[in-house]
Amino acid sequence: MAYAAIADRDQHLHDPDTFITKYIWSQDHKVIAIQYAITAIFVGVVALVLSLLFRLQLGFPDTFNLVDPNQYYQYVTMHGMIMVIYLLTALFLGGFGNYLIPLMCGARDMVFPYMNMLSFWVYLLSVIVLLASFFVPGGPTGAGWTLYPPQAISEGTPGIGGGIVLMLVSLAIFIVAFTMGGLNYVTTVLQARTRGMTLMRMPLAVWGIFVATILGLLAFPALLVAAVMMTLDRVVGTSFFMPEMLSLGRELDYGGGSPILFQHLFWFFGHPEVYIVALPAFGIVSDVLSVHARKNIFGYRMMVWAIVLIGALSFVVWAHHMYVSGMNPYFGFFFATTTLIIAVPTALKVYNWILTLWRGDIHLRVPMLFAIGFIFTFIHGGLTGLFLGNVTVDLPLSDTYFVVGHFHMVMGVSPVLVVFAAIYHWFPKITGRMFNETLGKAHFWLTLLGTYSIYLPMHYLGILGVPRRYYAYGDTEFIPASAQTLNSGITVAALFVAAAQTLFFINVIWSLWKGPKADPNPWRATTLEWMTPDTPPKHGNWGAELPEVHRWPYDYSVPGESEDYIPQTEPPHKGVIAGRDHGVHH
Amino acid sequence: MSSELTDSAGAAALPQGFRGFARDWTADKQTFHVPWGKAMMWIFLLSDTFIFSLFLTSYMNVRMSTRVPWPNPSEVFALSFGGDPIPLILIAIMTFILITSSGTMALAVNYGYRGDRAKTAALMFVTAAFGATFVGMQAFEWMKLIVDEGVRPWGNPMGAAQFGSTFFMITGFHGFHVSCGVIYLAVIALKVLRGDYEASGNYEVVEIAGLYWHFVDLVWVFIFAFFYLW
């Protein structure tokens, strides 16, 4: 059977003819990706503004009265949930996943474009429902982003009226949206690659997104189940998570439920969620590093297996978030062990990134700067994770600013740096124009140095024992007065970093209008998305014929070649050592 | 075929054993030799398996966490005929109907591949009718529990409140799956009857619907075991 016939089978591309079918109800994966990205970045900016509001309160508790204690909790909660789920998950998988998978695999579109379109619109609905909670009586929920019961639905927590219900409903809708998209991404990678594109010739970006999507399809069910049960507890009055308890001196009608059950469900989702965000970042950063260092990624095969292994292990570490929950101490031993084991493939990836840079022909362009910045922030965030993974070290550090510093470093700053690396890297392909290099570099340095000055001091505050989730600290015996000075500094740095992001938006908008026309392959990269006949790629991506792949995606600086890169579509030629190809065992 | 898939000359000797398997599996073809829709359905069902497993695990957890005794299922789920309560009789009939529907579904798939449109559609409608009957009997069971026995999601006279909570939630979620399946089967059956798949001659779509239906059926076996027999 002719190969192209298989790859093109079942594929009925709708032909968009009007403005609406082209840009709004579009089934084109590239348009859907941009819709996802714009929505995610918009809601991310909302979350950023919320963080500034509560940072002003923390840094200058008596100066600004922008938020009261209730609003403080509400903003902290919404900031966390939006950043983790509605920004990062949606942007990496709905945004980059949608854009890159078909282009990098050599497909014309996702396998089920109509469902892909629905995925975006359902995602938009979940965002609207989430934001609607700001406008209901009582406002959004203030339960903290982990939404632990019983306090999440008990008197005294802000937003236990409509807020918490809208949050849970929005999460359920998001999961439906994610499932529709995720099924598409996984099936496309497995079944719709072009001729010659073996799994072991896929760029690591696709590997990261692919494994992250599988994690999502298996982890989001836990969040769905938890959301359904908590909604029933709140609305119908069941007692899944609610024990017998007194609240404000009154005995509640609840009884017999298990709050720990919620924590297990939440973290059975929550820990894989860390890797749902991290694995696409790992993959994308590998590709960016390799392209701009003009060197093949070091240890491609091990990089793939590390992604797979991290993905598998991420399902057996969840209770390291629960060392202080009162669970059986033997569990702590088990989960500390698995947590430390997961550091092995992760460290392998970090070493391989560094070895990719080793003696490379490094071009310090904007995407590369962000990618290298990621290595720094990720090492810092990862190392503090080793502290928190050990039960005895975690106990005193739990619920302090050390934890806040750790997870912002490892899954806040690090993935966001990769997001910027990716946007700058693929901007010429997506828009057909170049961005401004100087503005981009300024954006990088301000962001990197700014975020360091936010989060490094937080580790110190945490070691002092400053607890998180406090509206104001007042006078305590264990927190020195100087901690407040540090806190004010952190807030100033946060304002500074937020202001620096305007450079990014100015750059994007200016370049869209006035940027110089981009070369189809400005970075001289090997992967398929740079080989499209049009820039930006047209509907159907490849013109009349699908591309054919002959080699792995990292043939940079091959000895004896006239160019320092060989596109994946280039057939092997005689007399020259063919690039290393992991599809073939010599 | 293999020479077609190998780009570098001189790599003609194919690896054996695990390496050969891995090489084959990661080759530049569809990873699973099934249509896209079927692969997607399998992946969806894997995801759905996690939802049901977590619901059932949560049910076991709250059944252990509550300090109030659990109602005796063989008494709660008994129906009286002529004065004598017969334990689990309704649920036995429901289970029998659902499993029978899996049989008719399998026949429909068979006739689909033979290209017998009328029989395929008829068997799919029968399957959907069995499913609808199941949902109807479930509604009757709920009515009986709610109206006669006074079971509510937040409490019941027989024992632990979590009995009603988990029962309505999990059987409701399963009933929702069955109802969706009934609609799904009816739509596909109509399209089969109308001849929508004649052009391609491809009746895999019937099998894909069948996969979903068998899954819903299989899940019921677990719900049955954990709820009614424990």
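Residues numbered from 1 in each chain as written. Chains lettered and ligands numbered in written order. Predicted model: local features only at pLDDT ≥ 70, side-chain atom pairs only at ≥ 80, totals over all residues.

Details of the overall build of chain A
Inference 1: From N to C terminus, chain A includes 15 helices and two strands.
Inference 2: The globule rule puts the C-alpha radius of gyration for 586 residues at 25 Å, and the 24 Å found for chain A is close to it.
Inference 3: Projecting the C-alpha coordinates of chain A onto the three principal axes gives extents of approximately 85 × 50 × 50 Å.
Inference 4: The buried share of chain A, reckoned over its 586 residues, is 55%. (Helix = DSSP H or I, 4+ residues; strand = E, 2+ residues; numbered from the N terminus. Rg over C-alpha atoms; globule rule 2.2 N^0.38 Å. Buried ≥ 20, exposed ≤ 12 C-beta atoms within 10 Å, placed from the backbone.)

With respect to the overall build of chain B
Inference 1: The secondary structure content of chain B amounts to eight helices and two strands.
Inference 2: Taken from the N to the C terminus, the helices and strands of chain B come in the order α-α-α-α-β-β-α-α-α-α.
Inference 3: In terms of overall size, chain B is more extended than a compact globule, its C-alpha atoms giving a radius of gyration of 23 Å where 230 residues would be expected to give roughly 17 Å.
Inference 4: For chain B, the spread of C-alpha atoms along the three principal axes comes to 80 × 45 × 25 Å.

Overview of unusual backbone geometry
Residues and elements named next belong to chain A.
Inference 1: Looking along the chain, the bond that leaves Pro149 and enters Pro150 is cis, with omega of 0°.
Inference 2: As for its placement among the helices and strands, Pro150 is situated in the loop between helix 5 (113-132) and helix 6 (162-191).
Inference 3: A cis amide bond links Thr535 with the next residue in sequence, Pro536, at an omega value of -5°.
Inference 4: Relative to the helices and strands, Pro536 resides in the segment after helix 15 (482-514).
Inference 5: Although it is not a glycine, Asp399 adopts a positive phi angle of roughly 60°.
Inference 6: Within the fold, Asp399 resides in the loop between helix 12 (391-397) and helix 13 (401-431).

Notes on the packing of helix 11 (residues 366-389) of chain A against helix 14 (residues 437-464) of chain A
Residue and element names in this part refer to chain A.
Inference 1: Between helix 11 and helix 14, whose axes approach to 9 Å, the crossing angle comes to 10°. Overall, the two elements helix 11 and helix 14 adopt an arrangement that is roughly parallel. Across the interface between the two elements, Val366, Leu369, Phe370, Gly373 and Thr384 of helix 11 pack against Glu437, Gly440, Lys441, Phe444, Leu448 and His459 of helix 14.
Inference 2: Classifying every residue of the contact of helix 11 with helix 14 by side-chain character gives five nonpolar, four polar and two charged. (Axes fitted to C-alpha atoms, helices over the stretch in contact; angles between N-to-C directions. Parallel < 35°, antiparallel > 145°, perpendicular 65-115°, else oblique. Contact = placed C-beta atoms within 7 Å. Nonpolar A, V, L, I, M, F, W, Y, C, P; charged D, E, K, R; others polar.)

Some thoughts on the confidence of the model for chain B
Residues and elements named next belong to chain B.
Inference 1: Summing up the model confidence of chain B, the mean pLDDT is 89 and the portion of residues at 70 or higher is 94%.
Inference 2: Within the model, the stretch residues 1-11 combines pLDDT values under 50 with 13 contacts to residues more than four positions away or in other chains.
Inference 3: Both scores are given for the predicted complex: the pTM is 0.94, the ipTM 0.92. (pLDDT = per-residue confidence, 0-100.)

Some words on the confidence of the model for chain A
Residues and elements named next belong to chain A.
Inference 1: Of the residues in chain A, 95% reach a pLDDT of 70 or more, and the chain-wide mean stands at 92.
Inference 2: Scored below 50 in pLDDT, residues 1-10 makes 11 contacts in the model with residues more than four places away or belonging to other chains.
Inference 3: This stretch, residues 582-586, has a pLDDT under 50; its non-local contacts, to residues over four places away or in other chains, come to 12 contacts.

Focus on the interface of chain B and chain A
Inference 1: Each partner contributes to the interface: chain B provides 37 residues, whereas chain A provides 43 residues.
Inference 2: Residue assignment for the side of chain B that touches chain A shows that the elements contributing at least two residues are helix 3 (36-65) and helix 7 (161-194) of chain B.
Inference 3: Per element, the largest residue contribution to the side of chain B that touches chain A is 14 residues, and it comes from helix 3 of chain B.
Inference 4: For the side of chain B that touches chain A, a count of residues per class yields 21 nonpolar, 12 polar and four charged.

Quick notes on the domain arrangement of chain B
Inference 1: Per the domain assignment, the segments of chain B are domain 1 (1-31) and domain 2 (34-229).
Inference 2: Inter-centroid distance (C-alpha atoms) of domain 1 of chain B to domain 2 of chain B is 43 Å. (Domains from an automatic or database assignment.)

A look at the pairing of strand 1 (residues 78-81) of chain B
Inference 1: Note that strand 1 of chain B and strand 2 (residues 84-87) of chain B share four bridges and pair antiparallel. Each bridged residue has a counterpart across the sheet, and for Leu79 of chain B the counterpart in strand 2 of chain B is Ile86 of chain B. (Pairing = 2+ DSSP bridges.)

Quick look at helix 15 of chain A
Inference 1: Its 33 residues give helix 15 of chain A an end-to-end C-alpha distance of 48 Å, which sits within 8% of 48 Å, the value for a rise of 1.5 Å per residue.
Inference 2: Within helix 15 of chain A, the full set of buried residues consists of Asn487, Ile490, Thr491, Ala493, Ala494, Val497, Phe504, Asn507 and Ser511 of chain A. (Expected span 1.5 Å × (residues − 1).)

Concerning the domain arrangement of chain A
Residues and elements named next belong to chain A.
Inference 1: Here chain A is partitioned into domain 1 (23-202) and domain 2 (519-586).
Inference 2: With centres defined by C-alpha atoms, the gap from domain 1 to domain 2 works out at 34 Å.
Inference 3: Taken residue by residue, the interface counts 15 residues in domain 1 and 17 residues in domain 2.
Inference 4: When residues in the side of domain 1 that touches domain 2 are grouped by element, the largest group, four residues, is from helix 4 (residues 69-105).
Inference 5: Of the residues contributing to the side of domain 1 that touches domain 2, the split by class is six nonpolar, four polar and five charged.

As for the packing of helix 11 of chain A against helix 13 of chain A
All names here are of chain A.
Inference 1: One way to put it is that helix 11 packs onto helix 13 with a least axis distance of 8 Å and a crossing angle of 160°. Taken together, the axes of helix 11 and helix 13 lie roughly antiparallel to each other. Here helix 11 runs over helix 13; the crossing is left-handed.
Inference 2: Residue composition of the contact of helix 11 with helix 13, by class: 16 nonpolar, 11 polar and no charged. (Left-handed = near helix turned anticlockwise from the far one by under 90°.)

Considering the environment of Met78 of chain A
Inference 1: Within the secondary structure, Met78 of chain A is located in helix 4.
Inference 2: Setting aside residues no more than four positions away along its own chain, Met78 of chain A makes contact with Ala47, Leu50 and Pro140 of chain A.

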